[in-house]
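Commentary on secondary and tertiary structure
Residues per chain are reported as follows:
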Amino acid sequence: VLIENRGYGDAFNVQIMSSQPEIIENEKGLLIDFTIIGSSLNDKVTRSQSLNIDFGTIPGRNNAVGVWHMISSLRGTFNNFTATFQYKGPIDDDRL
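Parameters and conventions
Residues numbered from 1 in each chain as written. Predicted model: local features only at pLDDT ≥ 70, side-chain atom pairs only at ≥ 80, totals over all residues. Heavy atoms only, no water. Helix = DSSP H or I, 4+ residues; strand = E, 2+ residues; numbered from the N terminus. Buried < 20%, exposed > 50% of the residue type's maximum accessible area, 1.4 Å probe, protein only. Contact = heavy atoms within 4.5 Å. Areas by Shrake-Rupley, 256 points an atom, 1.4 Å probe, with all protein chains shown as cover. Core = buried A, V, L, I, M, F, W, Y, C linked by side-chain atoms within 4.5 Å. Phe/Tyr/Trp six-rings, centres within 6.5 Å; stacked < 30°, edge-to-face > 60°. Lys NZ or Arg CZ within 6 Å of the ring centre and 35° of its normal. Pairing = 2+ DSSP bridges. Axes fitted to C-alpha atoms, helices over the stretch in contact; angles between N-to-C directions.

**Some remarks on the overall build of the protein**
Assigned secondary structure in the protein consists of zero helices and seven strands. Every one of the 96 residues in the protein was classed for burial, and the buried ones make up 23%. By sequence separation, contacts in the protein at least 24 residues apart represent 73% of the contacts at least 6 residues apart. Total accessible area computed for the protein in this model is approximately 7300 Å², and 50% of it derives from carbon and sulfur atoms.

**A closer look at the nonpolar core**
Counting residues in hydrophobic clusters, the biggest one holds twelve residues: Ile3, Ala11, Val14, Ile16, Ile36, Leu41, Leu51, Ile53, Phe55, Ile58, Ala64 and Trp68. Looking at this core, the elements with two or more residues in it are β2 (11-21), β3 (34-41), β5 (53-58) and β6 (62-72). Each residue touching isoleucine 58, except ones within four places of it in the same chain, is listed here: Ile3, Asn5, Asp10, Ala11, Val14, Asn63 and Ala64.

**A closer look at the packing of aromatic side chains**
Within the structure shown, the criterion is met by zero aromatic pairs. For the cation-ring pair, arginine 61 lies above tyrosine 8, with the distance from its terminal atom to the ring centre recorded as 4.9 Å.

**Details of the pairing of β6**
Note that strand β1 (residues 2-5) and β6 share four bridges and pair antiparallel. By the bridge assignment for β6, leucine 2 is matched with valine 65. Note: β3 against β6, seven bridges, orientation antiparallel. Each bridged residue has a counterpart across the sheet, and for isoleucine 36 the counterpart in β6 is methionine 70.

**Quick look at the sheet that holds strand β4 (residues 44-46)**
Across the sheet, four strands lie side by side as β1-β6-β3-β4; this open sheet has antiparallel pairing. Across the chains shown, the open sheet's two edge strands, defined by having one partner strand only, are β1 and β4. Across this sheet, the average inter-strand angle for adjacent strands is 30°, counted without regard to direction.

This is the structure:
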């Protein structure tokens, strides 16, 4: 996932939370098992084994890239991914 801070101020405490991949087709109705084996933030391996990534501070006019590493019991592709995010603005107000 790419997070772009288009503003001039820093975005503090940026986090991806409540993320969920979507399975859109399973013709045979087989059980699918996903295991998250890690994640990366800006090409650096993190210790997180969840779908939540703490991006920390993203400076103004910059971006950050989060990648999840997982294995699955069946082959497939991700066509949709939704997540909520949270951050704090320059005066600890998420509305800014």
